[in-house]
Amino acid sequence: MMMDTDLQSIQDVRDALTQADVAARELALYSQEQIDAIVKAMAQAAQEAAARLAALAVEETGFGNVPDKTAKNMFAARDVYAAIKEMKTVGTIHKDAHKKVWEIAQPFGVIAAIIPSTNPTSTVMYKALIALKAGNAIVFSPHPNAARCTLEAARIMQAAAERAGAPKGAIGCVAKPTLAATNELMSHRITRLILATGGAQMVKAAYSSGKPAYGVGPGNVPVYLHESADIPAAVRRILQSKTFDNGTICASEQALIVDQRIRHKVIAEFKRQGAAFLDDHEKKRVGAALVANGGLSAALVGKSPQAIADIAGIIVEAGTKVLIAEEDGVGKTYPFSYEKLAPILAMYTAKDQQEAEELCTTLLQFGGLGHTLGIHAESEAVVESFCRNKPASRIVVNAGTTFGGIGATTGILPALTLGCGALGGTITSDNIGPQHLFNTKRVAYGLKEMEVPQAAAEQVVAEAVSQAQTAQLFSKDELKELIRSVLVELKG
């Protein structure tokens with residue numbers, strides 16, 4: 001039964017969409033210079049508010065930590081902006097002089113954006129920037145556990161956009177999010193596209209809404225440490241990546257697959273750099289706390305190793321950076337093989353590269369198809385053979401997958417929505433940017449005349465004569481003369 005809160009939230013969505021629709025029609029008439037000025041102002045405002053919004057997010061959700069959330073906000077405000085600011089997104093964006101084809105950008109209109117509780121403010125910044133850069137309006141639906149910080153991030157972006165000349169309502173946000181409101185936002189006739197970031201069920205709902213959608217499913221990122229890897233550098237990068245914001249980015253490492261020949265060296269180096277390996281008793285306690293109702297327990301998401309230890313009833317040293325459990329299986333009865341949005345890693349030992357590749361594929365199939373994969377190796381030949389036929393859209397080499405996957409430390413487009421391609425049930429394997437948020441119209445000049453072969457022309461005449469004679473409209477000679485004259489006109 002629908003409650004008053006649901007009804008009010010649905011009305012809020014409809015009001016926001018109506019305003020956004022008006023704004024989108026205005027934005028569609030703006031020049032590239034006007035759009036760019038608005039996006040620049042939004043990026044500047046986001047940078048100025050990065051630390052404050054990070055603190056609000058941690059306070060409200062309990063996920064992650066303020067320094068890393070600040071860095072994440074700065075990534076959206078600075079790195080994403082730097083990557084998109086020179087893009088042509090308005091009017092004629094390309095002319096092919098040889099083929100005489102022009103490409104013209106046409107905004108979608110109003111975009112619905114679903115925001116996760118793990119990255120509630122950085123995702124707002126990022127999605128607002130790419131939506132308006134492409135000439136669209138956008139309406140956000142926050143996670144109920146992150147409503148206040150999401151709303152504040154959207155308010156800051158809208159205020160900055162308006163000061164720079166954007167129409168009122170170009171950036172909207174549902175103040176009191178409910179499931180009913182989110183469903184209304186995704187299915188409403190005004191909504192033209194959905195940008196969905198969240199749990200698997202939310203992404204599935206977006207794709208089931210009947211609207212075009214870009215969604216991000218689970219990551220469950222495996223990382224292979226080949227025997228040629230620079231072990232100290234690989235361990236340092238993995239720890240920095242996995243502990244960033246307490247593991248709340250979906251591209252973060254989830255499982256290590258280590259060559260048997262370097263296993264002892266890898267374990268020793270992880271311990272030296274601050275990782276704790278769980279014994280059998282500790283592994284059972286953490287594993288029991290890790291999974292609830294067939295998935296990761298929300299109680300552990302974004303928590304520190306010390307907080308996780310407290311929940312599981314074990315003791316770890318104060319400086320521990322990450323918890324590692326050695327594992328030998330993949331599936332529902334192996335808790336550490338799940339995606340873990342927390343500083344927890346599974347570690348598998350592979351006898352050779354072939355077994356390592358099989359383990360990586362199995363882990364991706366279990367919970368991360370099409371997302372991200374990592375490898376640490378100094379041999380380019382090993383990297384090339386490893387990457388072939390792997391079911392991942394991003395393969396990060398000698399870098400932390402958190403930063404490499406989002407394009408912070410690699411040449412991939414900086415983004416916080418990472419497509420998983422057809423393998424992951426999404427429409428693209430790209431990192432999503434403004435170029436994915438407008439239609440491209442093509443104006444094509446005629447380059448040549450269409451020639452009808454003489455034999456084909458004679459066949460046309462014969463068939464037309466036969467049909468007309470059957471209808472007894474003309475004589476045979478009259479028909480032939482009439483049809484030939486028409487063909488001459490068409491060819492001339």
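A short tour of the structure in this document, coming up.

So, how was this worked out
- Residues numbered from 1 in each chain as written.
- Predicted model: local features only at pLDDT ≥ 70, side-chain atom pairs only at ≥ 80, totals over all residues.
- Heavy atoms only, no water.
- Helix = DSSP H or I, 4+ residues; strand = E, 2+ residues; numbered from the N terminus.
- Buried < 20%, exposed > 50% of the residue type's maximum accessible area, 1.4 Å probe, protein only.
- Lys, Arg positive; Asp, Glu negative; His and termini not counted.
- Salt bridge = Lys/Arg side-chain N within 4 Å of Asp/Glu carboxyl O.
- Polar contact = N/O pair within 3.5 Å; in protein donor to acceptor, adjacent residues only side chain to side chain.
- Contact = heavy atoms within 4.5 Å.
- Pairing = 2+ DSSP bridges.
- Arc of directions from axis to C-beta.
- Phe/Tyr/Trp six-rings, centres within 6.5 Å; stacked < 30°, edge-to-face > 60°.
- Lys NZ or Arg CZ within 6 Å of the ring centre and 35° of its normal.
- Core = buried A, V, L, I, M, F, W, Y, C linked by side-chain atoms within 4.5 Å.
- Axes fitted to C-alpha atoms, helices over the stretch in contact; angles between N-to-C directions.
- Parallel < 35°, antiparallel > 145°, perpendicular 65-115°, else oblique.
- Left-handed = near helix turned anticlockwise from the far one by under 90°.
- Nonpolar A, V, L, I, M, F, W, Y, C, P; charged D, E, K, R; others polar.

1. Side note on the side chain of D259
Here's step 1: With respect to the helices and strands, D259 occurs in strand β9 (residues 253-259).
Here's step 2: No salt bridge is formed by the buried D259, whose closest oppositely charged neighbour, R261, lies at an N-O distance of 4.5 Å.
Here's step 3: At 2.8 Å, the side chain of D259 and the side chain of Y224 are in polar contact.
Here's step 4: Not counting the four nearest positions on each side in its chain, D259 is found in contact with Y224, L225, H226, E227, A350, D352 and Q353.

2. A short note on the pairing of strand β7 (residues 213-216)
Note on strand geometry: in a regular strand, side chains alternate between the two faces of the sheet.
Here's step 1: The alternating pattern of β7 places A213 and G215 on one face and Y214 and V216 on the opposite face, and all of these are buried.
Here's step 2: As judged from the 4 bridges shared by strand β6 (residues 191-197) and β7, these two strands associate in the parallel manner. Considered in β7, the bridge of A196 is made with G215.

3. Brief notes about helix α11 (residues 305-312)
Here's step 1: Burial in α11 covers these residues: P305, I308, A309 and A312. Buried residues in α11, looked at end-on, bunch into an arc of 100°, giving them a common side.
Here's step 2: Buried positions along α11 lie against α10 (280-290), β13 (322-326) and β14 (344-350).
Here's step 3: In the segment just after α11, G313 is the residue with positive phi, at about 80°.

4. Overview of the packing of aromatic side chains
Here's step 1: Counted under the stated rule, the structure contains 4 aromatic pairs.
Here's step 2: Here F244 and F403 contribute two aromatic rings whose centre-to-centre distance is 5.1 Å and whose plane-to-plane angle is 70°, an arrangement assigned as edge-to-face. Taken as a pair, F244 in the loop between α8 (231-243) and β9 and F403 in helix α14 (residues 401-405) lie far apart in primary sequence, 159 residues in all.
Here's step 3: Since its relative accessible area comes to 12%, F403 is described here as buried.
Here's step 4: Over the aromatic face of Y445 sits the side chain of K100, whose NZ or CZ is 4.4 Å from the ring centroid.

5. Notes on the environment of V101
Here's step 1: Mapped onto the elements of the fold, V101 is located in strand β2 (residues 101-107).
Here's step 2: The class for V101 is partly exposed, based on a relative accessible area of 22%.
Here's step 3: For the pair V101 and F366, spaced 265 residues apart in the sequence, the C-alpha separation amounts to 45 Å.
Here's step 4: Apart from the residues within four sequence positions on either side, V101 is in contact with H94, K95, D96, R442, V443 and A444.

6. A short note on the nonpolar core
Here's step 1: Counting residues in each nonpolar core, the largest one holds 59 residues, and the members touching the most others are M42, L132, F140, I171 and L437.
Here's step 2: For this core, the element with the most residues is helix α2 (residues 32-61), which contributes 9 residues.
Here's step 3: Ignoring anything within four residues of it in the chain, the contact list for F140 reads A113, I115, V124, K127, A128, A154, I171, G172, C173, V174 and L185.
Here's step 4: One finds Y224, A289, A350 and C360 within the second-largest nonpolar core, a separate group that totals 34 residues.

7. So, the packing of α2 against helix α3 (residues 66-84)
Here's step 1: Interaxial distance between α2 and α3 falls to 7 Å at its minimum, and their mutual angle equals 165°. Relative to α3, the element α2 is oriented roughly antiparallel. The crossing of α2 and α3 is right-handed. In contact with V39, K40, A43, A46, Q47, A50, A51, L53, A54, A55, A57 and V58 of α2, α3 contributes V66, K69, T70, N73, M74, A77, R78, Y81 and I84.
Here's step 2: Partitioned by chemical class, the residues of the contact of α2 with α3 number 15 nonpolar, 3 polar and 3 charged.

8. Notes on the sheet that holds strand β1 (residues 91-96)
One key point about sheets: their strands pair by backbone hydrogen bonds, in either a parallel or an antiparallel sense.
Here's step 1: Taken together, 3 strands build an open sheet; the order of strands is β1-β2-β17 and the sheet is antiparallel. Of all the strands in the sheet, just β1 and β17 (438-444) have a single pairing partner and so form its edges. Along the sheet, successive strands turn relative to each other by an average axial angle of 25°, direction set aside.

9. A short note on the sheet that holds strand β5 (residues 171-173)
Here's step 1: Spatial ordering of the open sheet is given by β5-β4-β3-β6-β7, a layout of 5 strands whose pairing is parallel. Of all the strands in the sheet, just β5 and β7 have a single pairing partner and so form its edges. For this sheet the average axis-to-axis angle between neighbouring strands, irrespective of direction, equals 15°.
Here's step 2: Across the sheet, helix α5 (residues 147-163) touches β4 (137-141) and β5, and the angle it forms with β5 is around 160°.

10. Comments concerning the pairing of β14
Here's step 1: Counted residue by residue, β14 has 6 buried out of 7 residues, so it is predominantly covered.
Here's step 2: With 5 bridges joining them, β9 and β14 adopt parallel strand pairing. By the bridge assignment, D259 is partnered in β14 with A350.
Here's step 3: The sheet contact formed by β13 and β14 spans 4 bridges and is parallel. Paired with E326 across the strands is M347, a residue of β14.

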